[in-house]
Amino acid sequence: MKFTAPRGTHDLWGDQAKKLRKLEEICRDVFLRYNFSEIVTPTFEDASLFIKTTGETTDIVEKEMYVFADRKGRQLALRPEGTPSIARSYIENNLAQTAGIGKFYYVGSMFRYEQPQAGRYGEDYQIGVQYFGNASAEADAEVILLARDILIRAGIKQIDIRLHSLGCENCRPAFRKALTDYFKPDGEKGKELCDDCKKRVGKNPLRVLDCKIDGHKFEDAPKMEDHLCAECRCHMGRVTSLLKDAKCEYTLDHKLVRGLDYYTKTIFEIRSSALGAQDAMGGGGRYDLLIKELGGPDTPAVGFAFGAERVIIAAEKENPDFGREQVKVIFVAASSETFYSHAFKLAEKLRNSELGGKVSIEGPVTDKSLKSQLRLADKLGASKVVIFGEDEFTRGAVAVRDMKTQEQKEIQLSEVMEAL
Ligand code: AMP
């Protein structure tokens, strides 16, 4: 039987794996600059956590979640997104009291059962932050600027930041009502909706604006900005003014909804024109009610996540060498079996020397002739090859070959380290 990776998943190796690590490195550096510390949570949780937070009527929960029963019959789910787990952990571990400042970042796989297509996977790698306990517009702006900072450091210049406010529990109900009326089932607009949207209208009318089929149709549909209360309007004004001060370009997009239920006030999405139909590199927003709804203290919060694969595609488009760092290699070769253990010992010594931190040490490859080892060293891009050979060894020495110039020098074993 031949095994293949499950549908929607992919393996990463070589340059692709390096690119993922490079992006992670850039993110961790930026997180440190903004004083976010890491939080690691399980990859699966009680399924009802996501049903309650992400939302029962969202596509994620309705269609995309990997749900399974464990051997005791408990309903679990592979996490489809990061926020619910971190919110759960924040409450469970009483982080409001102990963490000092509630700024966390996370890195890890998310799982969604989706029709695999370019930019949509069953398992994707997300990197994100959650900022708890700060209700001010400064926190929103900080998170958006942090996200932009990461993209700039990854060499991405085409950054399209979409911004919108979803209002709060005071002003959103009137907007929902206006939308429900506009799309009423027996009305002209209601009849034009796709089958999914016809079901959505009653439960979650905002999602109609986000629908891939219907989203573009209703230009004259009610807009959230016409319903924002004074506080939400003021909050949005402050976020945009902070972004302008930071010379951060953005577009106010009244059609932006995001597929999750818990957002309040600011939401944003960061897109790249270098990507195809799935052009969102990341997104997020404020969720001031979620922690309380989950039984925690009344805690405002804002967060976002990048889809690492998509950010990498955008980075590669603008900079083909993104993450492709050449590792320096030194190869230790043995001309015959007599020298295997000598070569092995030297390789070990080099790895544990100062050189080891900067250079990869390879060899000896014992089932190959010296000629094949040199060929392999060349293939690996080795800068130097240390050769254990009969003649040199009788003089307590080795040959060191510079692979670029093909020059070979005899070096005393005691002086190899300096010569390299
Ligand atoms: P979301 O919170 O669902 O918007 O997810 C945040 C980001 O993760 C998105 O903007 C995408 O870049 C990425 N993402 C989400 N779902 C997938 C998926 N199925 N495949 C690849 N990337 C995804």
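The notes below deal with the structure included here.

What counts as what
Here the residue numbering is sequential within each chain, running from 1 through the sequence in written order. For a predicted model such as this one, the threshold for reporting local features is a pLDDT of at least 70, and the threshold for listing and counting side-chain atom pairs is 80 or more; totals across whole chains, interfaces and linings nevertheless cover every residue. Hydrogens and water are ignored here; the side-chain numbers use all heavy atoms of the structure. Of the two site types, the cavity is a set of points on a 1 Å grid over the protein atoms alone where a 1.4 Å probe fits but cannot get out, and the pocket is an open set with protein on both sides within 12 Å along at least five of seven lines, each lined by residues with an atom within 4 Å of a point. Grid points are joined across faces, edges and corners, and a volume is the space filled by probe spheres set on the points. Strands here are runs of E lasting at least two residues and helices are runs of H or I lasting at least four, both read from the DSSP assignment and numbered beginning at the N terminus. Think of it as three bins: nonpolar holds Ala, Val, Leu, Ile, Met, Phe, Trp, Tyr, Cys and Pro, charged holds Asp, Glu, Lys and Arg, and polar takes everything else, Gly as well. A pair is scored as a salt bridge if a Lys or Arg side-chain nitrogen falls within 4 Å of a carboxyl oxygen belonging to Asp or Glu. For every residue, the accessible area (1.4 Å probe, protein chains only) is compared with the maximum for its type, and the residue is labelled buried under 20%, exposed over 50%, or partly exposed between those bounds. Strands qualify as paired when DSSP identifies two bridges or more between them. Throughout, an axis means a line fitted to C-alpha atoms (over the contacting stretch in the case of helices), and angles, computed between N-to-C directions, take values from 0 to 180 degrees.

Some thoughts on the layout of surface pockets
Looking at the second largest pocket, its volume works out to about 400 Å³. Lining the second largest pocket are 23 residues, with R172, R176, D261, Y262 and Y263 sitting closest to its centre. For the lining of the second largest pocket, the elements supplying multiple residues, two or more each, are α2 (47–53), α7 (172–182), α10 (206–210) and α12 (290–293). For the lining of the second largest pocket, the per-class residue count stands at 10 nonpolar, four polar and nine charged.

Considering the pattern of salt bridges
Enumeration over the complete set of coordinates arrives at 35 salt bridges. Measuring nitrogen to oxygen at the nearest pair gives 2.8 Å for the salt bridge that ties R88 to E45. Residue R88 is found in helix α4 (residues 83–92), and its partner E45 is found in strand β2 (residues 44–46); the two are separated by 43 residues along the sequence. Summarising the burial analysis for this pair, R88 and E45 share the class buried. With a closest N to O distance of 3.3 Å, D59 and R200 form a salt bridge. Of this pair, D59 sits in helix α3 (residues 59–64) while R200 sits in helix α9 (residues 195–203), and the two are 141 residues apart along the sequence. As far as the burial class goes, D59 and R200 line up, both buried. A single network of salt bridges, built from pairs that share partners, joins D160, R162, D253, R258, E269 and R271.

As for the sheet that holds strand β3 (residues 67–69)
Across the sheet, three strands lie side by side as β2-β4-β3; this open sheet has antiparallel pairing. Every interior strand has two partners, whereas the edge strands, β2 and β3, have only one. Across the sheet, the mean angle separating the axes of adjacent strands is 35° when strand polarity is ignored. Bridging between β2 and strand β4 (residues 75–78) involves three bridges; their strand directions are antiparallel. What sits directly across from F44, in β4, is L78.

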